[in-house]
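# Observations on the model geometry
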Amino acid sequence: SQQGEEDPQALSIQEGENATMNCSYKTSINNLQWYRQNSGRGLVHLILIRSNEREKHSGRLRVTLDTSKKSSSLLITASRAADTASYFCATAPLLGNEKLTFGTGTRLTIIP
Amino acid sequence: DAGVTQSPTHLIKTRGQHVTLRCSPISGHKSVSWYQQVLGQGPQFIFQYYEKEERGRGNFPDRFSARQFPNYSSELNVNALLLGDSALYLCASSWGQRIDTQYFGPGTRLTVL
């Protein structure tokens, strides 16, 4: 079963604008990761944030984590057409099976 | 360095048949995980293998099995295929057993008719 949900399910913005996606999860985590997927192909790792971190940056990406609310957000600044893809959050549990549990994904479309 | 490779890229089978999917991890990576992604959903965890032993299993029936070889490559086997097994099967590798950054292969698209 899915761990949680991404919000929104779909997002269309103009090139150059910022895109924000949210992720909620249900159980205690060791870390939370964001992945990108183009057209049903393999997933590309974007960024990992650990449970004791609150914010992390990588290039045009900014991720926040609020463990008290069991939520995370991914901000992509100055979007480009090449950012068009599906974005998934995935959580690694604090205890139990060593596995990633993925959310339902946000489909991002950048309009040139 | 080569990334994670999977074969075949696409596969068409009929109900009741058996299928074997293959994965080669990044050189030096000892952990391989398998995921199933049904169209429109996020990937779901099937198995993790580390140092040739099963370390985790998701909520999938016994028709699904896997193994890891001494060179750390892996096979996923699915018996008695059902229409609902149609999906993209993803393999991911990482260095250790702990689930940090996963490196995914391009996937195998399985269609069951």
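Let us look at the structure shown here. On a predicted model such as this, the values are computed, not experimentally measured, just so you know.

## What about the overall build of chain B?
For chain B, the count of helices and strands is zero helices and 11 strands. Secondary structure elements of chain B, listed N to C terminal, follow the sequence β-β-β-β-β-β-β-β-β-β-β. Its C-alpha atoms give chain B a radius of gyration of 13 Å, near enough to 13 Å, the size a compact globule of 113 residues would have. Buried positions account for 51% of the 113 residues belonging to chain B. Counting contacts in chain B only where the partners sit at least 6 residues apart, residues at least 24 apart contribute 53% of the total. Element-wise, carbon and sulfur atoms account for 50% of the exposed surface of chain B, whose accessible area totals about 5,300 Å². Taking the 11 positively charged and 8 negatively charged side chains of chain B as two groups, their mean positions are separated by 6 Å.

## Some remarks on the sheet that holds strand β1 (residues 5-7) of chain A
Hydrogen bonds between backbone groups are what pair the strands of a sheet, and the pairing can be parallel or antiparallel. Residues and elements named next belong to chain A. Reading across from one edge, β1-β3-β8-β7-β6 is the order of the five strands in this open sheet, with antiparallel pairing throughout. This sheet does not close on itself; its edge strands, each paired only once, are β1 and β6 (55-58). Going from strand to strand, the sheet's axes swing by 15° on average, the running direction of each strand aside. Pairing of strand β7 (residues 61-66) with strand β8 (residues 71-76) involves six bridges; the strand directions are antiparallel. When the bridges of β8 are listed, Arg62 appears paired with Leu75.

## Some thoughts on the side chain of B:Ser73
Residue and element names in this part refer to chain B. Looking at the secondary structure, you find Ser73 in the loop between β7 (64-68) and β8 (74-78). Of the residues examined, Ser73 reaches a relative accessible area of 14% and is grouped as buried. Among the polar contacts listed, one links the side chain of Ser73 to the side chain of Asn71, at a separation of 2.7 Å. Beyond its immediate sequence surroundings of up to four residues, Ser73 is in contact with Cys23, Ser24, Pro25, Arg67 and Gln68.

## Observations concerning the state of the cysteines
As used here, a disulfide is simply a covalent bond connecting the sulfur atoms of two cysteines. As enumerated under the stated definition, the model contains two disulfides over all chains in all. Residue pairing for A:Cys23: its cysteine sulfur links by disulfide to A:Cys89, the two sulfurs lying 1.9 Å apart. Across the S-S bond linking A:Cys23 and A:Cys89, the dihedral sits near 65°, which makes this disulfide right-handed. Of this pair, A:Cys23 sits in strand β3 (residues 19-24) while A:Cys89 sits in strand β9 (residues 85-93); the two residues are 66 residues apart in sequence, bridging distant segments of the chain. This pair shows no difference in class: A:Cys23 is buried, exactly as A:Cys89 is. There is a disulfide in this structure between B:Cys23 and B:Cys91, and the S-S distance comes to 1.8 Å. The sign of the -60° torsion about the S-S bond sets the B:Cys23-B:Cys91 disulfide as left-handed. With a gap of 68 residues between them, B:Cys23 in strand β3 (residues 19-24) and B:Cys91 in strand β9 (residues 87-94) connect regions that are remote in the sequence. The residues B:Cys23 and B:Cys91 share a single accessibility class, namely buried.

## Things to note about the interface of chain A and chain B
Opposite the 24 residues of chain A that make contact, chain B presents 24 residues. Summed over both sides, the interface of chain A with chain B buries roughly 1,800 Å², with 47% coming from carbon and sulfur. A per-residue breakdown of the area chain A buries against chain B is headed by A:Leu43, A:Glu98 and A:Phe102, which together make up 30% of the total. Counting the contacts that link chain A with chain B gives one salt bridge. B:Asp100 is the partner of A:Arg50 in a salt bridge, and the nearest nitrogen-oxygen pair spans 3.1 Å.

## What to know about the packing of aromatic side chains
Overall, the coordinates contain nine aromatic pairs over all chains when judged by the stated rule. Considering the side-chain rings of B:Phe47 and B:Tyr49, the 6.1 Å spacing of their centres and the 55° angle between planes classify their relative orientation as tilted. Among the residues examined, B:Tyr49 registers a relative accessible area of 7% and is labelled buried. In this structure an aromatic cluster arises from ring pairing among A:Tyr35, A:Phe88, A:Phe102, B:Tyr35, B:Phe45 and B:Phe104.

## Comments concerning the environment of A:Ile29
Note on placement: A:Ile29 falls in strand β4 (residues 29-37). Distance in space between the C-alpha atoms of A:Ile29 and A:Arg50 is 8.3 Å, their sequence separation being 21 residues.

## Examining the side chain of A:Thr64
Residues and elements named next belong to chain A. Here Thr64 shows up in strand β7. Within the local environment of Thr64, its side chain forms a polar contact with the side chain of Ser73, the two groups lying 2.6 Å apart. Among all residues touching Thr64, those that are not within four sequence positions of it are Ile49, Arg54, Glu55, Ser71, Ser72 and Ser73.

What counts as what
- Residues numbered from 1 in each chain as written.
- Chains lettered and ligands numbered in written order.
- Predicted model: local features only at pLDDT ≥ 70, side-chain atom pairs only at ≥ 80, totals over all residues.
- Heavy atoms only, no water.
- Helix = DSSP H or I, 4+ residues; strand = E, 2+ residues; numbered from the N terminus.
- Rg over C-alpha atoms; globule rule 2.2 N^0.38 Å.
- Buried < 20%, exposed > 50% of the residue type's maximum accessible area, 1.4 Å probe, protein only.
- Contact = heavy atoms within 4.5 Å.
- Areas by Shrake-Rupley, 256 points an atom, 1.4 Å probe, with all protein chains shown as cover.
- Lys, Arg positive; Asp, Glu negative; His and termini not counted.
- Charge placed at Lys NZ, Arg CZ, Asp CG, Glu CD.
- Pairing = 2+ DSSP bridges.
- Axes fitted to C-alpha atoms, helices over the stretch in contact; angles between N-to-C directions.
- Polar contact = N/O pair within 3.5 Å; in protein donor to acceptor, adjacent residues only side chain to side chain.
- Disulfide = S-S within 2.5 Å.
- Buried area = accessible area lost by both parts, 1.4 Å probe.
- Salt bridge = Lys/Arg side-chain N within 4 Å of Asp/Glu carboxyl O.
- Phe/Tyr/Trp six-rings, centres within 6.5 Å; stacked < 30°, edge-to-face > 60°.

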